[in-house]
Amino acid sequence: MQIKSFEEYKNTYEHSVREPEQFWAGIAENFTWKKKWDKVLEWNFKTPEIKWFLNAKFNITENCIDRHLPAKANDVAFYFEENEDGKPNKAITFQNLHDEVCKLANVLKNFGVNKGDRVCIYLPMVPEAVYSLLACARIGAVHSVVFGGFSAQALQDRINDSSCKVVLTSDGAFRGSKKIPMKATVDEALSACPTIKKVLVLKHTLEKVNMVAVRDHDWETETVTQPPVCEATSMDSEDPLFILYTSGSTGKPKGVVHTCGGYMVFTCYSFLNVFQYQPGQVYWCTADVGWVTGHSYITYGPLLAGATSVLFEGVPNYPDSGRFWKIVDKLKVNVFYTAPTAIRALEAAGLDFVKPYDLSSLKVLGSVGEPINEEAWQWYHKNIGKEKCPIVDTWWQTETGGILISPLANITSTKPGYATLPLPGIQPILVDDKGKEITGNGVEGNLCIKFPWPSIIRTTYGDHERCRQTYFTTYPGLYFTGDGCKRDEDGYYRITGRVDDVINVSGHRIGTAEVESAINECTAVVESAVVGYPHDIKGQGIYAFCIVPKTTKTHEEIRQEILNSVNKIIGPIAKPDKIQIVSGLPKTRSGKIMRRILRKVAEGEIHNLGDISTLLDPLVVEEIVKGKI
Ligand code: PRX
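None of these values were measured; they are calculated from a predicted model. (Residues numbered from 1 in each chain as written. Predicted model: local features only at pLDDT ≥ 70, side-chain atom pairs only at ≥ 80, totals over all residues. Heavy atoms only, no water.)

A look at the sheet that holds strand β5 (residues 90–93)
If you walk across this open sheet you meet the seven strands as β5-β4-β17-β16-β18-β19-β20, and the pairing is mixed. This sheet does not close on itself; its edge strands, each paired only once, are β5 and β20 (391–394). Neighbour-to-neighbour, the strand axes of the sheet open up by a mean angle of 20°, direction not taken into account. Relative to strand β17 (residues 308–312), strand β4 (residues 76–81) runs parallel, the two being bridged by four bridges. Note that in β17 the partner of Tyr79 across the bridge is Val310. (Pairing = 2+ DSSP bridges. Helix = DSSP H or I, 4+ residues; strand = E, 2+ residues; numbered from the N terminus. Axes fitted to C-alpha atoms, helices over the stretch in contact; angles between N-to-C directions.)

Details of the packing of aromatic side chains
Each aromatic ring pair is summarised here by two numbers: the centre-to-centre distance and the angle between the ring planes. According to the stated counting rule, one finds 41 aromatic pairs in the structure shown. Relative to Phe275, the ring of Phe271 lies with its centre 5.7 Å away and its plane at 50°, an arrangement referred to as tilted. Placement of the pair is Phe271 and Phe275 together in helix α10 (residues 260–275), with a separation of four residues, close to one helical turn. On the basis of relative accessibility, which here comes to 0%, the residue Phe271 falls in the buried class. Residue class for Phe275 comes out buried when judged on its relative accessible area of 0%. A centroid spacing of 5.4 Å and a plane angle of 65° characterise the contact between Phe275 and Tyr283, whose relative ring orientation is edge-to-face. Just as Phe275 is buried, Tyr283 falls in that class too. Feature note: the residues Phe23, Trp24, Trp33, Trp37, Trp52, Phe53, Phe58, Phe266 and Tyr269 constitute an aromatic cluster, connected by ring pairs. In this structure, Arg158 packs its charged tip against the face of Phe150, placed 4.3 Å from the ring centre. (Phe/Tyr/Trp six-rings, centres within 6.5 Å; stacked < 30°, edge-to-face > 60°. Buried < 20%, exposed > 50% of the residue type's maximum accessible area, 1.4 Å probe, protein only. Lys NZ or Arg CZ within 6 Å of the ring centre and 35° of its normal.)

Right under this line is the structure:
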């Protein structure tokens with residue numbers, strides 16, 4: 001499955017476009033199927049309906065675990081590095097992983113979880129999080145992981161949207177020097193989640209928690225008595241594997257649905273090719289399992305490839321900003337995959353945190369989640385990679401399931417800020433605002449993909465029409481990514497950022513509409529508009545313009561109210577960095593907020609606001625510019 005040279009990449013790419021079905025069937029031959037497919041692909045981007053490896057039967061966990069056992073039962077699948085520095089490492093072998101996953105799968109079965117049922121996972125970055133995903137997959141339950149930083153309200157919405165039956169959680173999570181409650185948040189969420197029948201609670205921070213009789217169970221007590229075997233449920237290729245909620249331009253987050261077969265084939269193929277992982281190497285992706293990167297490139301991709309990975313519970317700057325590099329040195333990490341926001345934060349902390357550590361084991365560096373600015377790229381290249389490690393700048397999305405545009409390590413020559421070239425099977429095109437294809441090189445447009453790949457989104461849970469509207473109607477016949485993109489003279493792709501109302505804060509996707517609706521819940525605020533602005537560390541920060549009628553409250557009191565409301569409804573990740581109180585918003589005569597103007601103000605481009613003559617009240621702009629923070 002692994003491409004070995006640029007020449008081979010070009011030939012493989014050409015083959016994958018000319019004969020996609022034959023190409024992907026060849027890749028799919030590398031997996032263990034109980035029954036092979038009758039047909040490789042059926043697709044229609046209009047409805048949309050996309051099916052890969054039709055009627056094939058298998059179980060992804062047998063491919064992640066069981067099939068490696070004869071040769072690697074005692075090889076390490078994960079090194080677990082705890083939040084607290086200096087704790088002895090826990091090494092989890094493939095056999096251990098098998099046993100733990102089976103035990104947990106048996107608990108889920110005892111809880112009445114059947115194939116197709118949804119299970120919510122709300123856990124910190126502990127091995128049990130990975131076991132949870134796999135235990136669901138083992139019995140055909142659909143996992144819905146909710147990032148631990150989301151609030152009770154956000155958790156409740158997600159549980160109810162997909163009618164989950166069970167929640168897997170822990171007493172709390174460590175975040176640097178702090179302990180964050182998780183069970184208490186689950187309790188609050190469950191005050192209005194009628195479909196939840198059972199909650200399994202891991203003892204982790206050892207904080208005292210409230211256990212509800214009949215509903216809540218202790219993790220250790222339940223799992224310890226289970227046999228370490230559990231037959232893997234036979235799944236159809238197009239049975240759902242998981243739901244993962246993500247933000248878009250409008251409305252509430254939607255549940256992106258991925259199915260078993262195509263997702264398995266693509267995550268493994270992309271993992272092996274992008275990182276050029278070699279047997280025996282140690283791979284470390286610093287993402288959280290709550291995001292898609294944690295699904296595809298901590299859990300499924302590496303395990304399918306039989307890789308040895310690092311699982312890290314902590315944060316980059318605790319106990320100090322050398323933590324990442326200390327772990328790289330200690331575990332002799334060969335492939336390191338992180339987000340630009342972490343690189344920028346560690347760059348700002350200074351080289352004194354890098355110098356003490358031997359980073360000579362590193363062979364490949366990766367970046368994901370947001371555009372990487374040239375300065376951060378160079379710092380990473382020079383100080384971490386010592387100018388000998390390629391940086392794979394991997395572009396993809398929750399909806400794409402896996403990496404679509406990226407260099408292949410040591411094969412594709414890199415350029416700072418460029419995701420470079422599409423993986424085999426990926427057919428990107430740039431279109432103008434009318435949907436006309438922009439051909440040639442040295443051009444810029446909206447990034448679309450014109451042919452399905454195995455791990456493309458299948459639907460948005462419970463609302464297929466929303467999936468169609470969001471991704472397949474803007475440019476009929478194409479999957480629209482929501483990203484702007486340049487294609488340079490060499491045909492290399494550079495993602496320039498979202499062209500819709502989505503903000504990317506520290507690599508986390510946040511919809512402006514969601515933040516606005518949380519702000520508008522404050523009694524003091526009558527209306528708000530939220531935009532992104534460039535932020536040195538986070539990539540983008542959140543700037544909120546809020547209309548507050550005359551009040552006796554101070555600005556600081558209102559600001560706190562707004563922050564509390566966002567914290568409560570979404571979670572701390574969506575808290576605005578800047579809040580400006582205004583008496584009006586720039587609106588057209590038809591009442592539409594002109595965000596273009598607000599974006600410019602937030603970016604500090606106050607002398608170049610463009611045409612404001614169509615505004616209902618141009619004076620509002622003057623006031624907003626004067627009050628800029
Ligand atoms: O705007 C792009 C940005 O992150 C968005 C996808 O976010 P999410 O679904 O949360 O998945 C993040 C992890 C894959 C994209 O639409 N993005 C992701 N990777 C890159 C990127 N922007 C530029 N360069 C990247 N390498």
